[in-house]
Amino acid sequence: MRRAGAHTLVVALACVVVTCFAARDAHAGTKLRVASKAFTESVILGEIVTQLERSSGVEVELRAGLGGSRLVWDALVSGAVDVYPEYTGTLVDEILSGQGGDASLSRALAAHGVGMTEPLGFNNTYALGVRAARARDLGISKVSDLRAHADLRFGFSNEFMSRHDGWPGLQRRYELPQTKIQGLDHALAYRALASGDIDVTDVYTTDPEIARDALVLLQDDRRFFERYDAVLLYRLDIDPAALATLRRLQGRIDARTMRTLNTRAQLDHVPQADVAAGFLRSAFGAVAKREVTGAPRMILARVVEHLELVGASLLVAILLGVPLGILAARRRRAGQVVLAVVGIIQTMPTLALLVFMIPLFGIGAFPAVVALFLYSLLPIVRNTHAGLVGVSGALRESAEALGLPRGAVLRLVELPLASPLILAGIKSAAVINVGTATLGALIGAGGLGQPIFTGVRLDDVGLILQGAIPASLLALAVQGAFEIVERFVVPRGLR
């Protein structure tokens, strides 16, 4: 009965932790949830939508810089977000697999419970960019000219590398022979191009780096790239008043305006919220109330979010991982299955696991906690199993000869002797979680990954350090904290 009660308590505590984060994310469902993808233009458009809605009296939550097209689309379809900016070319070629034309596109979106505004006013299509001096030396001006230069080094954004309307389709259309292809972050690709590490990259035609770096855009002479008119996608069940506000943006942002907004954010390092506010003042006279937070308070808020993610996931992993490790040590066949399962989970790429969580749990802190919990299991389960298996059989027999029941042997003999290894596994899981939790920012979980990814996108070293330095210090603090815990948990003779 005591064992059953303990197991019930463990499960209850785990459920309480998980439910708290689920409830926190569910509370956001009462607001209009605006999202944007992980590049500057999308973030600016998301800010424009958010501030315009707020100026109209709508309560809004912004989830900025969530990731690639498919991730944000899945979040929209699942109901985790309500609105996000997208491009018609991406919809036709990547998301809806070739269902083009205004009428058929609208019908295809409606089948997913999604609507689309009229274009915002600019076409941000793909192009291939080359440094002007390099293009002049090679004598290239068209994409088809690249066929004569098989030794050129291509560096494309990671999304472009796998999209139907990206590198695979482009290579087939133009029969390009290049094999030196690197996948890079879009912002980092410009640095690589400027330093000469690559020769060609994909660009968005409203990118301000095109003018800054004196790039030549190669003519798409076989007309591979579609039009990428910016639109707003929204769930058909959003409030009609919010939808009416979205439609005010139709046709109001031309290519020149968008390029200027991108330049202010990326090159002049004006905060994206301020860039959006300036546009709304000039275009609509709209001013939304915004809470301006200083850098120290913002860093502290991100540290708290990070600790919540790490602490909640680690607590649940301990509550479930240690019993699983005991089970693995006590029952050999079941143990092999348990160790195999947690080992397989550990081999899954972190970002892939986070994306997999979206259809199940939406976006935000809850799916990030679930993913971090799964990643924490292996070191805890494995070390608990190893610690218990390593206990001398003679000690067990001596304890049993003294008349101790099996549960008492576990509690008074085996677990204390295994405690150094168990604690080492928990410490490893905690330190790993501190680093892995930064990726939670890609699905709207916040934390110290938010300034890191924003800084990479804006080429702002200061922002990167605002996330990287606290994350490093946090990992050291966690490791130090476990050294202190060891003094109280591990018997003195085993230290």
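Bear in mind that the values here come from a model prediction, so they are computed numbers and not experimental data. Each chain has its residues counted from 1, running along the sequence as written. With the structure being a predicted model, the display of local features is reserved for residues of pLDDT at least 70 and the display and counting of side-chain atom pairs for 80 or more, all residues being used for whole-chain, interface and lining totals. Excluding hydrogens and water, the side-chain figures rest on all heavy atoms present in the structure.

Caption draft 1: The arrangement of the environment of Q450 in detail. Runs of E in the DSSP output that reach at least two residues are strands. Runs of H or I that reach at least four are helices, and both are numbered from the N terminus. For Q450, the location among the structural elements is in helix α20 (residues 449-458). Residue burial is assigned from relative accessible area. The probe radius is 1.4 Å, only protein chains are included, and a residue is buried under 20% of its type maximum, exposed over 50%, and partly exposed in between. Classification of Q450 as buried rests on a relative accessible area of 19%. Should any heavy atoms of two residues lie within 4.5 Å, those residues are counted as being in contact. Among all residues touching Q450, those that are not within four sequence positions of it are A64, R302 and A441.

Caption draft 2: Fine view of the environment of I44. Assignment of secondary structure puts I44 in helix α2 (residues 40-55). Along the chain, I44 and P85 lie 41 residues apart, while their C-alpha atoms are 9.7 Å from each other.

Caption draft 3: Local environment of the packing of helix α17 (residues 365-389) against helix α19 (residues 406-436). Taken N-terminus to C-terminus, the directions of α17 and α19 make an angle of 150°; their axes are 8 Å apart at the nearest point. If you check the angle between α17 and α19, you find them roughly antiparallel. Taken as a pair, α17 and α19 cross one another with a handedness that is right-handed. Residue composition of the contact of α17 with α19, by class: 13 nonpolar, eight polar and one charged. To define axes, lines are fitted to C-alpha atoms, for helices over the stretch in contact only, and angles between the resulting N-to-C directions are given on a 0 to 180 degree scale. Any angle that falls under 35 degrees is termed roughly parallel, while one over 145 is termed roughly antiparallel, one within 65 to 115 roughly perpendicular, and all others oblique. Left-handed describes a crossing whose near helix is turned anticlockwise from the far helix by less than a right angle; the clockwise case is right-handed. Any residue outside Ala, Val, Leu, Ile, Met, Phe, Trp, Tyr, Cys, Pro, Asp, Glu, Lys and Arg is labelled polar, Gly included; the first ten of those are nonpolar and the last four are charged.

Caption draft 4: Here's a closer look at the pattern of salt bridges. The term salt bridge refers to a side-chain nitrogen of Lys or Arg lying within 4 Å of a carboxyl oxygen of Asp or Glu. Across all of its chains, the model carries 14 salt bridges by this definition. For R63, the salt bridge goes to E61, with nearest N and O atoms at 3.0 Å. Note on accessibility: R63 and E61 belong to one class, buried. Here R134 and D199 are joined by a salt bridge, their closest N and O atoms 3.2 Å apart. One end of the pair, R134, is in helix α6 (residues 132-138); the other, D199, is in the loop between α9 (186-195) and β8 (201-204), and 65 residues separate them in sequence. Here R134 falls in the partly exposed class, since its relative accessible area comes to 26%. Here D199 falls in the buried class, since its relative accessible area comes to 3%. Sharing partners across several salt bridges, the network here consists of R134, R153 and D199.

Caption draft 5: How the structure looks around α9. Turning to α9, its buried residues number three or more, namely H186, A187, A189, Y190, A192 and L193. By the criterion applied in these results, polar contacts are pairs of N or O atoms within 3.5 Å in which, for protein atoms, one can donate a hydrogen and the other can accept it, and in which residues neighboring in sequence qualify only through two side-chain atoms. Where α9 begins, one side-chain oxygen reaches toward the backbone nitrogen of A187, 3.0 Å away; that side chain belongs to D185. Where α9 terminates, the next one or two residues include G196, which has phi positive at roughly 85°.

Caption draft 6: Structural detail: the packing of aromatic side chains. Think of it this way: a Phe, Tyr or Trp ring, Trp meaning its six-membered ring, pairs with another when their centres are within 6.5 Å, and the plane angle makes it stacked under 30 degrees, edge-to-face over 60, tilted otherwise. Summed over the entire model, instances satisfying the criterion amount to 14 aromatic pairs. On the numbers, 5.4 Å between centres and 45° between planes, the contact of Y126 with Y204 is tilted. Of this pair, Y126 sits in strand β5 (residues 126-131) while Y204 sits in strand β8, placing them 78 residues apart in sequence. Taking the relative accessible area as the measure of exposure, Y126 reaches 5% and is therefore buried. Using a relative accessible area of 10% as the deciding quantity, one classes Y204 as buried. Members of the aromatic cluster, each reached through a chain of ring pairs, are F39, Y87, Y126, F154, F156, F160, W167, Y204, F224, F225 and Y228.

Caption draft 7: Geometry of α17. A helix is expected to span 1.5 Å multiplied by its residue count minus one. With 25 residues, α17 ought to run about 36 Å at 1.5 Å a step, and its terminal C-alpha atoms sit 36 Å apart, in line with that. α17 sits mainly inside the fold: 22 of its 25 residues count as buried.

Caption draft 8: Structural detail: a nonpolar patch on the surface. For patch building, the residue pool is restricted to those with more than 30% relative accessible area and no salt bridge; the joining distance is 9 Å between like charges and 5 Å between nonpolar side chains (Val, Leu, Ile, Met, Phe, Trp, Tyr). Here, Shrake-Rupley sampling with a 1.4 Å probe gives the accessible areas, and only protein chains in the shown set may cover a residue. Taken together, the side chains of V461, L465, I469, L473 and L476 present a nonpolar region at the surface, about 480 Å² in accessible area. With respect to the element layout, V461 can be found in helix α21 (residues 461-489).

Caption draft 9: Layout of the sheet that holds β5. Here, any two strands with at least 2 DSSP bridges between them count as paired. The sheet built from three strands is open, its strands ordered β8-β5-β9 with antiparallel pairing. Each end of this open sheet is capped by a strand with a single partner; those strands are β8 and β9 (215-217). The mean inter-strand angle of the sheet, taken between neighbouring strand axes irrespective of direction, is 50°. The sheet contact formed by β5 and β9 spans three bridges and is antiparallel. Its bridge partner being in β9, V130 is matched across the sheet by V216. Contacting β5, β8 and β9, α9 crosses the sheet at an angle of about 125° to β8.

Caption draft 10: Seen up close, the nonpolar core. In terms of nonpolar packing, the biggest core is built from 70 residues, with W73, Y84, L91, L109, L233 and L374 touching the most fellow members. Per-element accounting of this core gives the leading share, 15 residues, to α17. Among the nonpolar cores identified, the runner-up in size contains 54 residues, and L152, A242, L261 and L280 belong to it. Think of a nonpolar core as a cluster: buried Ala, Val, Leu, Ile, Met, Phe, Trp, Tyr and Cys residues, connected wherever their side-chain atoms sit within 4.5 Å.

Caption draft 11: Representation of the packing of helix α14 (residues 295-330) against α19. Orientation of α14 relative to α19, taken along the N-to-C sense of each, is 140°, at an axis distance of 10 Å. Judged on the interaxial angle alone, α19 and α14 are oblique. Between α14 and α19 lies a crossing of right-handed hand. Residues H306, V310, S313, L314, I318, V322, I326 and R330 of α14 pack against R406, L410, E414, L415, I422, I426, A429, A430, N433 and V434 of α19. Looking at the contact of α14 with α19 residue by residue, the class counts come to twelve nonpolar, three polar and three charged.

Caption draft 12: Layout of the side chain of E209. Topologically, E209 is positioned in helix α10 (residues 209-212). Buried charge without a salt bridge: E209, with R212 as the nearest opposite-charge side chain at an N-O distance of 4.9 Å. Side-chain polar atoms of E209 contact the side chain of Q266, separated by 2.4 Å. In summary, the charge assignment counts Lys and Arg as positive and Asp and Glu as negative, without counting His or the chain termini.

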